[in-house]
Structure formats: C-alpha cells, structure tokens
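# Descriptive analysis of the structure
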Amino acid sequence: MNSTNSPRSSSFLSCKALLSTARPLAALIQPRLGFFWIIGRMPMPRGIGILPMFWVHLLCRGGKRPPAPTPLRLKFFPANSINGKPGRFLFSKSVAAVKKSAFSLIEVVLALAVIAFAITGIMGLFPVALRSAQESQRETRATLIARQIFSDLQTSPATNALIATGTNLASSGNFKTESLSNSWTNSIGYDEAGLPVGLMPTPSANFVANISSTPNVPVSGLSRIQVDVEAPAQAASTNRSKYTFVTLMRQ
C-alpha cells in the first residue's frame, strides 16, 4: 500500500493545511485584540482527520491591554506504531521567549539600590534608640538618687539633717550633717546602682548630686532643697545630662 494514500498521511496533510490557515489568522487577531491564546493538544483519532482545538481566553484587566503573548513553537510528533499512541501537536516556548522573561541587569541593580537604601535607614535608627535607652536609664537612676536624699533629710532632725556620703552609715566618715535653717551646698558622688561613694571629686562616681539649701524660701520657716543630678560624672559639666529636683522642708 502506498504511504501517500494512507489515512495517517492524509490526516497529517489535513492538519498541516488547517495549521497553515489558523496561524496567519491568529497572528492577525492576537496583537490587535490583546488576546492570550492558549493552544492545547488533543490526540488524533484513528481513521478520521485530525481536528486541533484552540482555547481563547479573554483577560480583562480594567480595560488595559494585557502584555504581549509569549511566542509558541509548534512541533509535530508522528504516531508511534509500537505502543499505538496517535500522533500529536505540541507547543512550547521559544528560547528567545524564555530569555525575555528573566530580569535585566538594570532591574537587579535598582532592586539592590532600594534594599541598600532601606537597610541604611534602618541601621541609622539603632544609635538613636541606644541613646534614648541610655537617657531613660539615667533619668530613672537620677530620680531614685534624689528620692533617697530627700528621704534622708526628712527623717533626720532639721537642725542636724543627715546627708549620706557612703553606704556604711555606722562610720562617721560616711555621712554629713547640715542645718536646714542655714544655706549650704554639697556635691556627692554615686555609682551606677545609685549608692553614695563619697564627696566629689571621686573617680568611681557615675553620677554627681549637687545638694543645696536655701532657708526661708518661699516663706519664713521653710527651706528650699534643690538636688541637681548630673551624669556622667567624669565628663565635663557642659557635657553632662542634668536632672533637677526641688522640694520644701520645715526648718
């Protein structure tokens, strides 16, 4: 039997003729209407001509024209006489289309620039947060020191007010006494835990408490007690953080 007159050869010729008619029509309609053509595959029935099927999906994106479709490459695989599988058409992307879908060097550089800019901004916030945390810790410690000084002055007699200069108050060298009816000033050093370490200057001090008394202010019989806590103690006075606390006590 002549191979040119076989049903399989006639099916291949009819498919080829149909394809030659459909491809120019798809090339004409597709760019103008902005369609995505998804062309599937279908096994060829035996004994009858092949009828390829085309699925056309309209993608509506708010009236915008969708991107250009990916070019497809048609390949025909003849029937397999060993396992009885019919011939079929397969469509695959071209090499140019695969390369076109990758990122360009400019896109990669721009993405890295945006990431570097964002990371730089985030890293710049760390020193600010660290300084804020240190300032908050100093303010809390200064408040505790001032509260301790006011408590010592209020619990002792007004004519013999006690000011601690050390942790061991049983020793006479670890405290001073002042009269609230007189005007006086003392500078006491405190460590990081807020404990007194001696009169200033003291190399082990982290905080400096300047305590001053002004009698008969604002009225007679009262003394204005002011405590200025500064930190760090070893820095110049112009470079210290200063916290002021004021209270009134009876003489």
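Summary of the structure given here. Owing to the predicted nature of the structure, the values given are computational and were not obtained by experimental measurement.

## Let's talk about the nonpolar core
Counting residues in hydrophobic clusters, the biggest one holds 23 residues, and the most contacted among them are Ile149, Ile211, Val227 and Val229. Broken down by element, the residue count for this core peaks at six residues, all from helix 3 (residues 105-155). Dropping the residues within four chain positions of it, Ile211 is found in contact with Ile149, Ile163, Trp184, Thr185, Asn186, Ile188, Ile225, Gln226 and Val227.

## Some points on the sheet that holds strand 9 (residues 207-215)
The strand order across the open sheet built from five strands is 8-7-9-10-11, with neighbouring strands paired in antiparallel fashion. What marks the edges here is a single partner per strand, and that holds for strand 8 (196-199) and strand 11 (241-250). Adjacent strand axes in the sheet meet at a mean angle of 25°, parallel and antiparallel pairs treated alike. Where strand 7 (residues 184-190) meets strand 8, three bridges bridge the pair, whose relative direction is antiparallel. Counted as the bridge partner of Gly189 is Gly198 from strand 8. Of the strands in this sheet, strand 7, strand 8, strand 9, strand 10 (222-231) and strand 11 are in contact with helix 3, which crosses strand 11 at around 20°.

## Structural notes on unusual backbone geometry
Of note, the amide linkage connecting Met200 to Pro201 takes the cis form, showing an omega dihedral of 5°. Mapped onto the fold, Pro201 is located in the loop between strand 8 and strand 9. Residue Pro218 is reached from Val217 by a cis peptide bond, and omega for that bond is 5°. Checked against the element boundaries, Pro218 lands in the loop between strand 9 and strand 10. Residues other than glycine seldom take positive phi values, yet Asn216 does so here, at roughly 55°. Inspection of the secondary structure assignment puts Asn216 in the loop between strand 9 and strand 10. Residue classification places Asn216 among the partly exposed positions, given a relative accessible area of 41%.

## Concerning the pattern of salt bridges
Tallying each qualifying case throughout the model produces two salt bridges. Note that Lys176 is salt-bridged to Glu178, the shortest N-O span being 3.8 Å. The class for Lys176 is partly exposed, based on a relative accessible area of 27%. Put simply, Glu230 and Arg240 hold a salt bridge, and the shortest N to O gap is 2.9 Å. Of this pair, Glu230 sits in strand 10 while Arg240 sits in the loop between strand 10 and strand 11; the two residues are 10 residues apart in sequence, bridging distant segments of the chain. The exposure class assigned to Arg240 is partly exposed, which follows from its relative accessible area of 22%.

## Looking at the pairing of strand 7
Taking burial as the measure, the seven residues of strand 7 include five buried ones, the bulk of the element. When strand 7 meets strand 9, the two strands line up antiparallel, connected through seven bridges. Note on strand 9: the bridge partner recorded for Ile188 is Ala209. Linking two consecutive strands that pair antiparallel, namely strand 7 and strand 8, is a turn of five residues; a positive phi of about 85° is found at Gly194 within it.

## As for the environment of Thr177
Tracing the chain through its elements places Thr177 in strand 6 (residues 175-178). Separated by 20 residues in the primary sequence, Thr177 and Pro157 have C-alpha atoms spaced 9.7 Å apart. Beyond its immediate sequence surroundings of up to four residues, Thr177 is in contact with Asn160 and Ala161. Among the polar contacts made by the side chain of Thr177, one reaches the side chain of Asn160 at a distance of 3.2 Å.

## Regarding the environment of Arg147
With respect to the element layout, Arg147 can be found in helix 3. It is 8.9 Å that separates the C-alpha atoms of Arg147 and Phe245, two residues lying 98 residues apart in sequence.

## Thoughts on the side chain of Glu230
Classification of Glu230 by relative accessible area gives buried; the value is 10%. At a separation of 2.9 Å, a polar atom in the side chain of Glu230 contacts the side chain of Arg240. Ignoring any residue separated from it by four or fewer positions in sequence, one finds Glu230 in contact with Asn206, Phe207, Val208, Asn210, Arg240, Ser241 and Lys242.

Cut-offs and rules
- Residues numbered from 1 in each chain as written.
- Predicted model: local features only at pLDDT ≥ 70, side-chain atom pairs only at ≥ 80, totals over all residues.
- Heavy atoms only, no water.
- Core = buried A, V, L, I, M, F, W, Y, C linked by side-chain atoms within 4.5 Å.
- Buried < 20%, exposed > 50% of the residue type's maximum accessible area, 1.4 Å probe, protein only.
- Helix = DSSP H or I, 4+ residues; strand = E, 2+ residues; numbered from the N terminus.
- Contact = heavy atoms within 4.5 Å.
- Pairing = 2+ DSSP bridges.
- Axes fitted to C-alpha atoms, helices over the stretch in contact; angles between N-to-C directions.
- Salt bridge = Lys/Arg side-chain N within 4 Å of Asp/Glu carboxyl O.
- Polar contact = N/O pair within 3.5 Å; in protein donor to acceptor, adjacent residues only side chain to side chain.

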